[in-house]
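What follows is each chain in one-letter form.
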Amino acid sequence: MSGLFRFYTHQLAMRPLLTNMTVSSGLFMVGDTVAQHAVEKVHSHDWSRTGRMGFFGGFIAAPIFVSWYKVLDRVVTTKNKYLNTICRVSLDQSIFAPFAIGNFFVSQSLLEGRSFPEIKEKLEAS
(Lines give C-alpha, C1' and ligand atoms only; values in the text may rest on other atoms or scores of the structure.)
Protein backbone atom coordinates (compact mmCIF):
# COMPACT_ATOMS: atom_id res chain seq x y z
CA MET A 1 0.00 0.00 0.00
CA SER A 2 2.83 2.39 0.75
CA GLY A 3 4.06 1.97 -2.85
CA LEU A 4 0.64 3.01 -4.14
CA PHE A 5 0.60 6.00 -1.80
CA ARG A 6 4.10 7.04 -2.94
CA PHE A 7 2.99 6.76 -6.56
CA TYR A 8 -0.08 8.88 -5.82
CA THR A 9 1.85 11.61 -3.99
CA HIS A 10 4.49 11.67 -6.74
CA GLN A 11 1.80 12.06 -9.40
CA LEU A 12 0.08 14.73 -7.32
CA ALA A 13 3.35 16.69 -7.13
CA MET A 14 4.18 16.24 -10.83
CA ARG A 15 0.69 16.52 -12.36
CA PRO A 16 -1.69 17.95 -9.75
CA LEU A 17 -4.63 18.72 -12.03
CA LEU A 18 -4.53 15.44 -13.95
CA THR A 19 -4.13 13.45 -10.72
CA ASN A 20 -7.04 15.26 -9.07
CA MET A 21 -9.17 14.77 -12.17
CA THR A 22 -8.44 11.04 -12.24
CA VAL A 23 -9.08 10.52 -8.53
CA SER A 24 -12.22 12.67 -8.55
CA SER A 25 -13.63 10.81 -11.54
CA GLY A 26 -13.02 7.48 -9.85
CA LEU A 27 -14.51 8.60 -6.55
CA PHE A 28 -17.63 9.97 -8.24
CA MET A 29 -18.07 6.67 -10.07
CA VAL A 30 -17.58 4.60 -6.90
CA GLY A 31 -19.98 6.89 -5.04
CA ASP A 32 -22.62 6.48 -7.72
CA THR A 33 -22.19 2.70 -7.69
CA VAL A 34 -22.63 2.64 -3.91
CA ALA A 35 -25.66 4.93 -4.20
CA GLN A 36 -27.31 2.73 -6.81
CA HIS A 37 -26.76 -0.58 -5.04
CA ALA A 38 -26.61 0.18 -1.31
CA VAL A 39 -29.03 3.11 -1.12
CA GLU A 40 -31.42 2.81 -4.06
CA LYS A 41 -31.20 -1.01 -4.22
CA VAL A 42 -31.42 -1.14 -8.02
CA HIS A 43 -31.44 -4.52 -9.74
CA SER A 44 -29.76 -3.30 -12.94
CA HIS A 45 -26.81 -0.90 -12.75
CA ASP A 46 -27.25 2.34 -14.73
CA TRP A 47 -23.83 2.57 -16.39
CA SER A 48 -24.69 5.76 -18.29
CA ARG A 49 -25.44 7.50 -14.99
CA THR A 50 -22.13 6.25 -13.55
CA GLY A 51 -20.37 7.52 -16.68
CA ARG A 52 -22.01 10.94 -16.33
CA MET A 53 -20.92 11.07 -12.69
CA GLY A 54 -17.36 10.12 -13.61
CA PHE A 55 -17.27 12.71 -16.38
CA PHE A 56 -18.61 15.38 -14.05
CA GLY A 57 -16.16 14.50 -11.28
CA GLY A 58 -13.14 14.42 -13.54
CA PHE A 59 -13.76 17.11 -16.11
CA ILE A 60 -16.04 19.61 -14.39
CA ALA A 61 -15.75 19.34 -10.60
CA ALA A 62 -12.04 18.60 -10.19
CA PRO A 63 -10.71 21.59 -12.19
CA ILE A 64 -13.13 23.94 -10.45
CA PHE A 65 -12.38 22.54 -6.98
CA VAL A 66 -8.61 22.68 -7.53
CA SER A 67 -8.91 26.33 -8.54
CA TRP A 68 -11.17 27.14 -5.60
CA TYR A 69 -8.82 25.59 -3.06
CA LYS A 70 -5.91 27.54 -4.56
CA VAL A 71 -7.94 30.71 -3.98
CA LEU A 72 -8.58 29.66 -0.37
CA ASP A 73 -4.84 29.04 0.06
CA ARG A 74 -4.12 32.63 -1.03
CA VAL A 75 -6.98 34.28 0.85
CA VAL A 76 -6.95 32.46 4.19
CA THR A 77 -3.50 32.99 5.69
CA THR A 78 -4.06 32.94 9.44
CA LYS A 79 -1.35 31.19 11.47
CA ASN A 80 -3.84 29.59 13.89
CA LYS A 81 -4.72 26.20 12.37
CA TYR A 82 -8.14 26.08 14.04
CA LEU A 83 -9.10 29.57 12.89
CA ASN A 84 -7.72 28.72 9.45
CA THR A 85 -9.98 25.67 9.24
CA ILE A 86 -13.02 27.61 10.48
CA CYS A 87 -12.40 30.36 7.92
CA ARG A 88 -11.93 27.90 5.06
CA VAL A 89 -15.04 25.89 5.91
CA SER A 90 -17.09 29.08 6.38
CA LEU A 91 -16.01 30.50 3.03
CA ASP A 92 -16.45 27.15 1.33
CA GLN A 93 -19.98 26.63 2.65
CA SER A 94 -21.22 30.21 2.31
CA ILE A 95 -19.66 31.18 -1.04
CA PHE A 96 -18.68 28.07 -2.96
CA ALA A 97 -21.22 25.41 -1.95
CA PRO A 98 -24.28 27.13 -3.48
CA PHE A 99 -22.42 27.48 -6.78
CA ALA A 100 -21.12 23.89 -6.65
CA ILE A 101 -24.55 22.42 -5.93
CA GLY A 102 -26.19 24.40 -8.73
CA ASN A 103 -23.37 23.47 -11.07
CA PHE A 104 -23.83 19.79 -10.24
CA PHE A 105 -27.56 19.77 -10.99
CA VAL A 106 -27.27 21.84 -14.17
CA SER A 107 -24.31 19.80 -15.44
CA GLN A 108 -26.03 16.47 -14.77
CA SER A 109 -29.18 17.68 -16.51
CA LEU A 110 -27.20 18.82 -19.56
CA LEU A 111 -25.35 15.48 -19.64
CA GLU A 112 -28.75 13.74 -19.56
CA GLY A 113 -29.72 15.72 -22.67
CA ARG A 114 -32.15 18.17 -21.09
CA SER A 115 -32.65 21.65 -22.50
CA PHE A 116 -32.19 24.85 -20.48
CA PRO A 117 -35.97 25.43 -20.25
CA GLU A 118 -36.40 21.87 -18.92
CA ILE A 119 -33.61 22.44 -16.40
CA LYS A 120 -35.12 25.71 -15.26
CA GLU A 121 -38.51 24.03 -14.83
CA LYS A 122 -36.95 21.18 -12.85
CA LEU A 123 -35.06 23.58 -10.55
CA GLU A 124 -38.15 25.71 -9.96
CA ALA A 125 -40.16 22.62 -9.05
CA SER A 126 -37.55 21.54 -6.48
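Here, every reference points to the structure presented above.
This text gives an overview of the structure that appears in the document. (Residues numbered from 1 in each chain as written. Predicted model: local features only at pLDDT ≥ 70, side-chain atom pairs only at ≥ 80, totals over all residues. Heavy atoms only, no water.)

### Topic: the overall build of the protein chain
Counting its regular elements, the protein chain contains five helices and zero strands. Taking 2.2 N^0.38 as the reference for a compact globule, 126 residues should give roughly 14 Å; the C-alpha atoms of the protein chain span a radius of gyration of 17 Å, well beyond that estimate. With the principal axes as the frame, the protein chain shows a C-alpha extent of 45 × 40 × 25 Å. Across the 126 residues in the protein chain, those meeting the buried criterion constitute 26%. Carbon together with sulfur atoms contributes 68% to the accessible area of the protein chain, which is approximately 8,800 Å² in total. Positive and negative side-chain charges in the protein chain, numbering 13 and 9 respectively, have mean positions lying 14 Å apart. (Helix = DSSP H or I, 4+ residues; strand = E, 2+ residues; numbered from the N terminus. Rg over C-alpha atoms; globule rule 2.2 N^0.38 Å. Buried < 20%, exposed > 50% of the residue type's maximum accessible area, 1.4 Å probe, protein only. Areas by Shrake-Rupley, 256 points an atom, 1.4 Å probe, with all protein chains shown as cover. Lys, Arg positive; Asp, Glu negative; His and termini not counted. Charge placed at Lys NZ, Arg CZ, Asp CG, Glu CD.)

### A word on helix α4 (residues 81-111)
In a regular helix each residue adds 1.5 Å, so 31 residues correspond to 45 Å; α4 covers only 40 Å between its end C-alpha atoms and thus falls short of that length. Its axis deflected by about 50 degrees at Phe96, α4 carries its strongest bend there, up to four residues before the proline Pro98. Considered for burial, the residues of α4 that qualify are Asn84, Asp92, Phe96, Ala97, Ala100, Asn103, Ser107, Gln108 and Ser109. Contacts made by the buried residues of α4 are with α3 (47-75) and α5 (116-125). At the N-terminal end of α4, a side-chain oxygen is found 2.8 Å from the backbone nitrogen of Tyr82, two or three residues along, and the residue is Asn80. (Expected span 1.5 Å × (residues − 1). Bend = angle between axes of the 7 residues up to and from the residue. Contact = heavy atoms within 4.5 Å. Polar contact = N/O pair within 3.5 Å; in protein donor to acceptor, adjacent residues only side chain to side chain.)

Function-wise, these values are silent; they only describe arrangement.
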